[in-house]
Amino acid sequence: MTGGAGSGVDARPGVLLLHGLMGRAAHWTSTARWLAARHRVVALDQRGHGRSERPAEDAYTREAYVADVEATLEQLGLAPAVVVGHAMGALTAWQLAAKRPDLVRGLIICDMRASALGAASQREWEGWFKSWPLPFATLADVRRFFGADDPWCERPNPARGEWYAEVMRESVDGWRPVFEPEHMLKSRETWVYDAHWEELAQVRCPTLVLRGLDGELGRAEAQEMVRVLPLGEYAEVADAGHLLHYDQPEGWRAVVEPVVDRWLGGA
């Protein structure tokens, strides 16, 4: 997905949007629309997600995810860009910034923890995938399950249902995810057992650590991340959970848009 100014070469400052685990570029449609009014915006379907290829299970390494983003920025001439990453996409963003500071002008880290989550978390995810009542008969069933019936959904959340409806496709027997769940577990396995503070401390560009008040990143850890970052800032979106750009799109925009404009000189 791209957003920009008509035909020809778009020389405006670049913004790259990186979705989280199970996500896809289309999740950034609303964000891309308002950012594209002043900036050149690209959203990437990362490997194994959306419409990207499904490589073998051994291809879902941290190094591969970072290399994909590195190649995207270089081949599209987007760098140095502001990189906005949600969850796993945020980890990829700060690992890229640590490795290739020349490619990243600023980072927005959305609801991603720097601490290790551990084996128990991975087992919980394995059990959660097995609990999905696949195939879903209709998209309405998808929205109902993930928005209300899913045991991981602490309270009814229609925005969550819409997020998951976006990653389903119709097959001969019903609606199934566009990704392979085992590939998502393999992707997660490459970072869930490790802490990522050292790489975070290597990020030299301005960085906003952003969380939903009811998200997975707690305030204490978020503020410690800001302290570790040489040029860290902190913000939060009220009444939002992990999917803060879906839960509270207006609150999300109110935080993100002025930060991106400031870093890119209001271009």
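Keep in mind it's a predicted model, so treat the numbers as computed, not measured.

Scoring rules and cut-offs
- Residues numbered from 1 in each chain as written.
- Predicted model: local features only at pLDDT ≥ 70, side-chain atom pairs only at ≥ 80, totals over all residues.
- Heavy atoms only, no water.
- Helix = DSSP H or I, 4+ residues; strand = E, 2+ residues; numbered from the N terminus.
- Rg over C-alpha atoms; globule rule 2.2 N^0.38 Å.
- Contact = heavy atoms within 4.5 Å.
- Areas by Shrake-Rupley, 256 points an atom, 1.4 Å probe, with all protein chains shown as cover.
- Lys, Arg positive; Asp, Glu negative; His and termini not counted.
- Charge placed at Lys NZ, Arg CZ, Asp CG, Glu CD.
- 1 Å grid on protein atoms, 1.4 Å probe; cavity = no way out; pocket = protein on both sides within 12 Å on 5 of 7 lines; lining within 4 Å.
- Points joined across faces, edges and corners; volume = space filled by probe spheres on them.
- Nonpolar A, V, L, I, M, F, W, Y, C, P; charged D, E, K, R; others polar.
- Polar contact = N/O pair within 3.5 Å; in protein donor to acceptor, adjacent residues only side chain to side chain.
- Phe/Tyr/Trp six-rings, centres within 6.5 Å; stacked < 30°, edge-to-face > 60°.
- Buried < 20%, exposed > 50% of the residue type's maximum accessible area, 1.4 Å probe, protein only.
- Core = buried A, V, L, I, M, F, W, Y, C linked by side-chain atoms within 4.5 Å.
- Expected span 1.5 Å × (residues − 1).
- Pairing = 2+ DSSP bridges.
- Right-handed = clockwise from strand over helix to strand, strands pointing away.
- Patch = residues over 30% accessible without salt bridge, like charges linked within 9 Å, V, L, I, M, F, W, Y side chains within 5 Å.
- Salt bridge = Lys/Arg side-chain N within 4 Å of Asp/Glu carboxyl O.

Comments concerning the overall build of the chain
Then comes step 1: Counting its regular elements, the chain contains 11 helices and nine strands.
Then comes step 2: The globule rule puts the C-alpha radius of gyration for 267 residues at 18 Å, and the 18 Å found for the chain is close to it.
Then comes step 3: Seen along its three principal axes, the alpha-carbon backbone of the chain occupies a region of about 50 × 45 × 40 Å.
Then comes step 4: Contacts spanning at least 24 positions in sequence make up 73% of the contacts within the chain whose residues lie at least 6 apart.
Then comes step 5: With an accessible surface of roughly 11500 Å², the chain has 50% of that area assigned to carbon and sulfur atoms.
Then comes step 6: Within the chain, the 38 negative side-chain charges are centred at a point lying 3 Å from the centre of the 29 positive side-chain charges.

Observations concerning the layout of surface pockets
Then comes step 1: What the largest pocket holds in volume is close to 970 Å³.
Then comes step 2: In terms of lining residues, the largest pocket is bounded by 36 residues, among which W152, R160, G215, E216 and H242 are the most central.
Then comes step 3: A per-class count over the lining of the largest pocket returns 17 nonpolar, eight polar and 11 charged.

Regarding the side chain of R47
Then comes step 1: Position of R47 relative to the elements: it lies in the loop between strand 3 (40-44) and helix 2 (62-75).
Then comes step 2: A distance of 2.8 Å separates a polar atom in the side chain of R47 from the backbone oxygen of A59.
Then comes step 3: Residues within four places of R47 in sequence aside, it is in contact with S52, E53, P55, A59, Y60, A64, Y65 and D68.

Brief notes about the packing of aromatic side chains
Then comes step 1: For the coordinates displayed, the defined rule picks out 18 aromatic pairs.
Then comes step 2: Taking the centre distance of 4.1 Å and the plane angle of 10° together, the rings of F146 and Y164 count as stacked. Pair noted here: F146 is in helix 5 (residues 139-149) and Y164 is in helix 6 (residues 158-165), with a separation of 18 residues, a long-range link. Judged on exposure class, the residue F146 and its partner Y164 are both buried.
Then comes step 3: On the basis of relative accessible area, Y164 is assigned to the buried category, the value being 6%.
Then comes step 4: Three or more aromatic residues link up through ring pairs in this structure, and these residues are W125, W128, F129, W132, F136, F145, F146, W152, W163, Y164 and F179.

Quick notes on the nonpolar core
Burial of nonpolar side chains together is a common tendency in soluble globular proteins.
Then comes step 1: With 58 residues, the main nonpolar core has M22, W94 and W132 as its most contacted residues.
Then comes step 2: No other element matches helix 3 (residues 88-99), which puts seven residues into this core.
Then comes step 3: In contact with M22, other than residues within four places in its own chain, are H49, W125, W128, F129, W132, W163, Y164, V167, F179 and M184.

Points about helix 3
Then comes step 1: Over its 12 residues, helix 3 runs 17 Å from end to end, which matches the ideal 16 Å to within 8%, given 1.5 Å per residue.
Then comes step 2: Within helix 3, 11 of the 12 residues are buried, which leaves the element mostly enclosed by the surrounding structure.
Then comes step 3: Every buried residue of helix 3 is listed here: M88, G89, A90, L91, T92, A93, W94, Q95, L96, A97 and A98.

Concerning the pairing of strand 9 (residues 232-237)
Then comes step 1: In this structure, strand 8 (residues 207-212) lies alongside strand 9, joined through six bridges in parallel fashion. Residue pairing across strands places T207 opposite G232, the latter belonging to strand 9.
Then comes step 2: In this view, the connection linking strand 8 to its parallel neighbour strand 9 by way of helix 9 (residues 219-228) has right-handed handedness.

Describing a negative patch on the surface
Then comes step 1: Where like charges cluster on the molecular surface, the negative patch consists of E57, D58, E180 and E182.
Then comes step 2: Along the chain, the position of E182 falls in helix 7 (residues 181-189).

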